[in-house]
Amino acid sequence: MMQRGCRHLRCSWYNIVMVKKQTLPDIDLAKPLFKWGPIDASMLLITFPTIALCTGAKGRDAYRWPDAYGYLDKEKFVWLNDLATLMRISENFTRSTILKRGREKTFLRFWRSTTKSLLEVFREIDRADLSALSDVQLITLYIKLKEAYSAYWIPAGTLEFINLALEQWLRGALEVIITDTEERNRALNVLSAPVDLTFYRQEEKKLIEIGRLPRPEQKTALQRHTRKYFWMYNSYLEAKALDANYFAQELRRVERDGTQTVYWGITTAKQRIRKEKNVLVQKYRLNSSVRQTVRLLERYTIWQDIRKKENFLGNHYVYLLLRAIAKRKKVSVRLARQLMPNELTEFVRMKSVARWESVMQKRLSQPTVLAFVGKRQRILSRSETQIFLRQYHASQIQHQSAVLQGIVASGGKSKYFRGIARIVRSSKEIQRVGNGEILVTGMTAPDYVVGMKRAGAVITDQGGLTCHAAIVSRELGIPCIVGTKFATKVIKDGDTVEIHAGRGIVKIVAAKAQ
């Protein structure tokens, strides 16, 4: 276990203070972990949700996540929970809040209320001339956004609870009903798939429809399209608004590649998926409990997609204010985004930024480990960080075999798929994925979609049936194996890899020629 009670300096949200004793998260890194990441992230954008998830709100302790570590190094973030604890909390929350009709309605009202408040702040920022605001007005607006965005994440952050529990219950039920592994995996893919389109497929459908308009009407339609989808490739690292030129280029690409088959696939998807689900329900005579699990997975998987949209819009508005603050304080945006939400408030209020500049530079160049214990959060001291890193890296068992086992998240069009592996460790590298190549990564995010469209298959270290890679791969109709744990460590860039999309087996059949 990690040592406790180290004497160290810690940077709180507002001040640097001497602390004699501090508890650490109740997590044994040698035991099974829930791991999210590594993913591109900045301290500011990633700590909006993570602080809210673990702090919760008064009277809503059931919404709060268990103890956690957040590990940020060179703007790559990893989130760790004890898996058994998280699964217990997930199942308890889902049983007590989602399966009980009245409480589910209360939960949804709470979420809609926090969303409404957040959208009102977005509109207020849209109306404001940020350059004309005084420092006091700017920080007041930022605090409004911080409070609304943090409150939003309290209900929104429970989606993982719901989908983790539902996925486990569905898998357990089908293991009893369907003995054949390949057939069971196919059933899991179908039954866990959302029926409604994700925002990325909605955008693609609308773009194709714009391409069918008369040329004089396309410019105005593209401007409307840009206002609706400018946030699509934001991330936890930064926000970058897409402009009309980007969507015009995408329209030309879509037209060049051909749209008829893609459009037919998008417009018939809901009917096709619903039919496949009904066939399986009747074939295996699934009882009311299993059918309820399937319906809830449909609902909350697509709500996860809706949350992603609201998340990326939130990051857009945080970034608007961050740019304004950084400009006034004469520091780079990249440096300023190394602060946490409350720290940014203090940063604006201080006349001299010298103390904060050293903190920001340190976080940009050195590993930072956040400890979430109960409702409190802190940054580990240097000595604690070294202990954590030794134990964390020791827990990452080396896998020597050329064969990996994962979860079949999408079967694609055939049982076997063979292709060249392309290792991608950041969305900045996604352009390296060529047509028909196998994208191999830790986990995917919306800014990976441009590469996923070219890929012939996807393999990830992390994830389950309701993760981003699983949902998008099903929509694209390509094989996807998630949760392999070691793919990015075992597979080398350029290796020839074969996927068994029925059993979740990944095999290196030929190493890249040296």
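A few points on the structure.

Definitions and cut-offs
- Residues numbered from 1 in each chain as written.
- Predicted model: local features only at pLDDT ≥ 70, side-chain atom pairs only at ≥ 80, totals over all residues.
- Heavy atoms only, no water.
- Helix = DSSP H or I, 4+ residues; strand = E, 2+ residues; numbered from the N terminus.
- Rg over C-alpha atoms; globule rule 2.2 N^0.38 Å.
- Buried < 20%, exposed > 50% of the residue type's maximum accessible area, 1.4 Å probe, protein only.
- Contact = heavy atoms within 4.5 Å.
- Lys, Arg positive; Asp, Glu negative; His and termini not counted.
- Charge placed at Lys NZ, Arg CZ, Asp CG, Glu CD.
- Phe/Tyr/Trp six-rings, centres within 6.5 Å; stacked < 30°, edge-to-face > 60°.
- Axes fitted to C-alpha atoms, helices over the stretch in contact; angles between N-to-C directions.
- Parallel < 35°, antiparallel > 145°, perpendicular 65-115°, else oblique.
- Left-handed = near helix turned anticlockwise from the far one by under 90°.
- Nonpolar A, V, L, I, M, F, W, Y, C, P; charged D, E, K, R; others polar.
- Salt bridge = Lys/Arg side-chain N within 4 Å of Asp/Glu carboxyl O.
- Pairing = 2+ DSSP bridges.

### Brief notes about the overall build of the chain
Counting secondary structure elements, the chain contains 19 helices and 15 strands. In summary, the chain has a C-alpha radius of gyration of 23 Å against a globular reference of 24 Å for 514 residues, a match within 12%. For the C-alpha atoms alone, the extent of the chain along its principal axes is close to 65 × 65 × 60 Å. Burial status across the chain gives 57% buried among its 514 residues. Counting contacts in the chain only where the partners sit at least 6 residues apart, residues at least 24 apart contribute 69% of the total. Considering the chain, the positive charge centre built from 87 side chains and the negative charge centre built from 48 side chains are found 3 Å apart.

### Some thoughts on the packing of aromatic side chains
In this structure the tally under the stated criterion is 27 aromatic pairs. Judged by centre distance (6.4 Å) and plane angle (50°), the rings of Tyr149 and Trp153 are tilted. Placement of both Tyr149 and Trp153 in helix 4 (residues 135-156) is noted, with a separation of four residues, approximately one turn of the helix. Overall, the relative accessible area of 0% leaves Tyr149 in the buried class. Consider the rings of Tyr246 and Phe247, whose centres lie 5.1 Å apart with planes at 80°: the pair is edge-to-face. Here Phe247 falls in the buried class, since its relative accessible area comes to 0%. Ring pairing ties together the aromatic residues Phe34, Tyr63, Trp65, Trp79, Phe93, Phe107, Phe110, Trp111, Phe161, Tyr300, Trp303 and Phe372, which thus form one cluster.

### Structural notes on the side chain of Thr385
On the secondary structure map, Thr385 appears in helix 16 (residues 382-395). Those residues in contact with Thr385 that sit more than four places away from it in its chain are Pro367, Val369 and Leu380.

### Side note on the packing of helix 4 against helix 12 (residues 288-329)
Where helix 4 contacts helix 12, the two axes come as close as 11 Å, and the packing angle between them is 160°. Classified by the interaxial angle, the pair formed by helix 4 and helix 12 is roughly antiparallel. In terms of crossing hand, the pair formed by helix 4 and helix 12 is left-handed. Packed against helix 4, whose contacting residues are Asp135, Leu138, Leu141, Tyr142, Leu145, Tyr149, Tyr152, Trp153 and Ala156, the element helix 12 presents Arg307, Glu310, Asn311, Gly314, Asn315, Tyr317, Val318, Leu321, Ala324, Ile325 and Arg328 at the interface. The class makeup of the residues in the contact of helix 4 with helix 12 is 13 nonpolar, three polar and four charged.

### Quick notes on the pattern of salt bridges
Per the counting criterion, the structure on display carries 32 salt bridges. Note that Glu104 is salt-bridged to Arg299, the shortest N-O span being 2.3 Å. Within this pair, whereas Glu104 is found in helix 3 (residues 101-127), its partner Arg299 is found in helix 12, the two being separated by 195 residues in sequence. Here Glu104 falls in the buried class, since its relative accessible area comes to 4%. Two residues, Arg328 and Asp135, come together in a salt bridge whose shortest N-O distance is 2.8 Å.

### Looking at the pairing of strand 11 (residues 438-441)
Of the two faces of strand 11, the one carrying Ile438 and Val440 and the one carrying Leu439 and Thr441 are both buried. One ladder, built from three bridges, connects strand 10 (residues 416-423) with strand 11; its direction is parallel. From the neighbouring strand, Ile423 faces strand 11, where its bridge partner is Val440. Bridge count between strand 11 and strand 12 (residues 457-460): four bridges; the pairing is parallel.

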